[in-house]
Amino acid sequence: MAARVLAIAVASGKASFVLLDGAQLLDWGIATKAVKSGSEFVGFVQDLINDLKPDVVVTEKLNKQCRKGRTARSLIQSVAELASHNPVLDVSVERPRLFKTKYDEANYLVGKYPELMGYAPKRKRRLFDYEPRGMVLFEAVALAEAVINGPPEELAAAMG
């Protein structure tokens, strides 16, 4: 039986989640109101855990390679702590960077999960444009896939 993997990604002013059961995308979403405060975000993620009943909760590993700002790092840390207090495996993985750009990654993932087509950017961002809202969703998918397709050592380490 495949593990139900809930991945949480945080970006500036927004967060996303995806629930994968093996290679099947079951649920996804983007939140902006929930990231206004740490306590709201933790409550939002706890509701996701309660409602979606994942086996694994994935967050980005907060190491030198992590490109997140202070607020995003704080929210990611809060989610990792929350997951550790729930009956789920709490896994932190490095953000996979398998593509030249985030846009290439998004296009690849839309090919695998056509349900996400509406979140794909219409064009690459120009230097002065804001990042498209949906990009954080593809980050969550990439984190989930890193656990599902990644080395079993990641899950073994999470199990202790």
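See above for the structure.
1. Remarks on the sheet that holds strand S1 (residues 4-11)
Turning to step 1, where the next piece is worked out: Strand order across the open sheet formed by five strands is S3-S2-S1-S4-S5, with mixed pairing between neighbours. With one partner strand each, in any of the chains shown, strand S3 (24-31) and strand S5 (89-93) form the two edges of the open sheet. Going across the sheet, the axis of each strand differs from the next one's by a mean of 20°, ignoring polarity.
Turning to step 2, where the next piece is worked out: Alignment of strand S4 (residues 56-60) against S5, held across five bridges, turns out to be parallel. Within S5, the position partnered with Glu60 by the bridge is Val93.
Turning to step 3, where the next piece is worked out: The strands that helix H2 (residues 70-84) touches are S1, S4 and S5; relative to S4, the one it contacts most, it runs at about 160°.
Turning to step 4, where the next piece is worked out: In this fold helix H4 (residues 135-148) packs onto S1, strand S2 (14-21), S3, S4 and S5, with an angle of close to 40° to the strand it touches most, S2.

2. What to know about the layout of surface pockets
Turning to step 1, where the next piece is worked out: Empty space within the largest pocket amounts to approximately 250 Å³.
Turning to step 2, where the next piece is worked out: As for the largest pocket, its lining consists of 13 residues, of which Ala11, Arg67, Lys68, Lys102 and Glu139 are closest to the centre.
Turning to step 3, where the next piece is worked out: Its residues placed into classes, the lining of the largest pocket shows two nonpolar, two polar and nine charged.
Turning to step 4, where the next piece is worked out: Reported here for the second largest pocket is a volume of approximately 200 Å³.
Turning to step 5, where the next piece is worked out: What lines the second largest pocket is simply Glu94, Pro96, Leu98, Phe99, Glu105, Tyr108, Leu109, Ala142, Glu145, Ala146 and Asn149.

3. Structural notes on the packing of helix H3 (residues 102-112) against H4
Any two packed helices are characterised by how steeply their axes cross, that is the angle between the axes, and by the distance between the axes.
Turning to step 1, where the next piece is worked out: One way to put it is that H3 packs onto H4 with a least axis distance of 10 Å and a crossing angle of 70°. For the element pair H3 / H4, the angle class is roughly perpendicular. H4 is crossed by H3, and the crossing has left-handed handedness. Residues Lys102, Tyr103, Glu105, Ala106, Leu109, Val110 and Lys112 of H3 touch H4, and the partners they reach there are Met135, Phe138, Val141, Ala142 and Glu145.
Turning to step 2, where the next piece is worked out: For the contact of H3 with H4, the per-class residue count stands at eight nonpolar, no polar and four charged.

4. Here we look at the environment of Tyr113
Turning to step 1, where the next piece is worked out: Inspection of the secondary structure puts Tyr113 in the loop between H3 and H4.
Turning to step 2, where the next piece is worked out: Residues Tyr113 and Gln24, 89 residues apart in the sequence, show an inter-C-alpha distance of 8.4 Å.
Turning to step 3, where the next piece is worked out: Among residues more than four places away in sequence, those in contact with Tyr113 are Leu20, Ala23, Leu25, Val141 and Glu145.

5. A short note on the environment of Ala9
Turning to step 1, where the next piece is worked out: Along the chain, Ala9 falls in strand S1.
Turning to step 2, where the next piece is worked out: Between the C-alpha atom of Ala9 and that of Leu137, which follows or precedes it by 128 residues, the distance is 7.2 Å.

6. Some points on the packing of aromatic side chains
Turning to step 1, where the next piece is worked out: By the definition in use, this model includes three aromatic pairs.
Turning to step 2, where the next piece is worked out: Aromatic side chains Phe41 and Phe44 sit 6.3 Å apart centroid to centroid with 20° between the ring planes, which places their arrangement in the stacked category. With a gap of three residues between them, Phe41 and Phe44 both fall in helix H1 (residues 38-52), about one helical turn apart.
Turning to step 3, where the next piece is worked out: Between the aromatic rings of Phe99 and Tyr108, the centroid separation amounts to 5.1 Å while the plane-to-plane angle is 40°, which identifies the pairing as tilted.

Cut-offs applied
- Residues numbered from 1 in each chain as written.
- Predicted model: local features only at pLDDT ≥ 70, side-chain atom pairs only at ≥ 80, totals over all residues.
- Heavy atoms only, no water.
- Pairing = 2+ DSSP bridges.
- Helix = DSSP H or I, 4+ residues; strand = E, 2+ residues; numbered from the N terminus.
- Axes fitted to C-alpha atoms, helices over the stretch in contact; angles between N-to-C directions.
- Contact = heavy atoms within 4.5 Å.
- 1 Å grid on protein atoms, 1.4 Å probe; cavity = no way out; pocket = protein on both sides within 12 Å on 5 of 7 lines; lining within 4 Å.
- Points joined across faces, edges and corners; volume = space filled by probe spheres on them.
- Nonpolar A, V, L, I, M, F, W, Y, C, P; charged D, E, K, R; others polar.
- Parallel < 35°, antiparallel > 145°, perpendicular 65-115°, else oblique.
- Left-handed = near helix turned anticlockwise from the far one by under 90°.
- Phe/Tyr/Trp six-rings, centres within 6.5 Å; stacked < 30°, edge-to-face > 60°.

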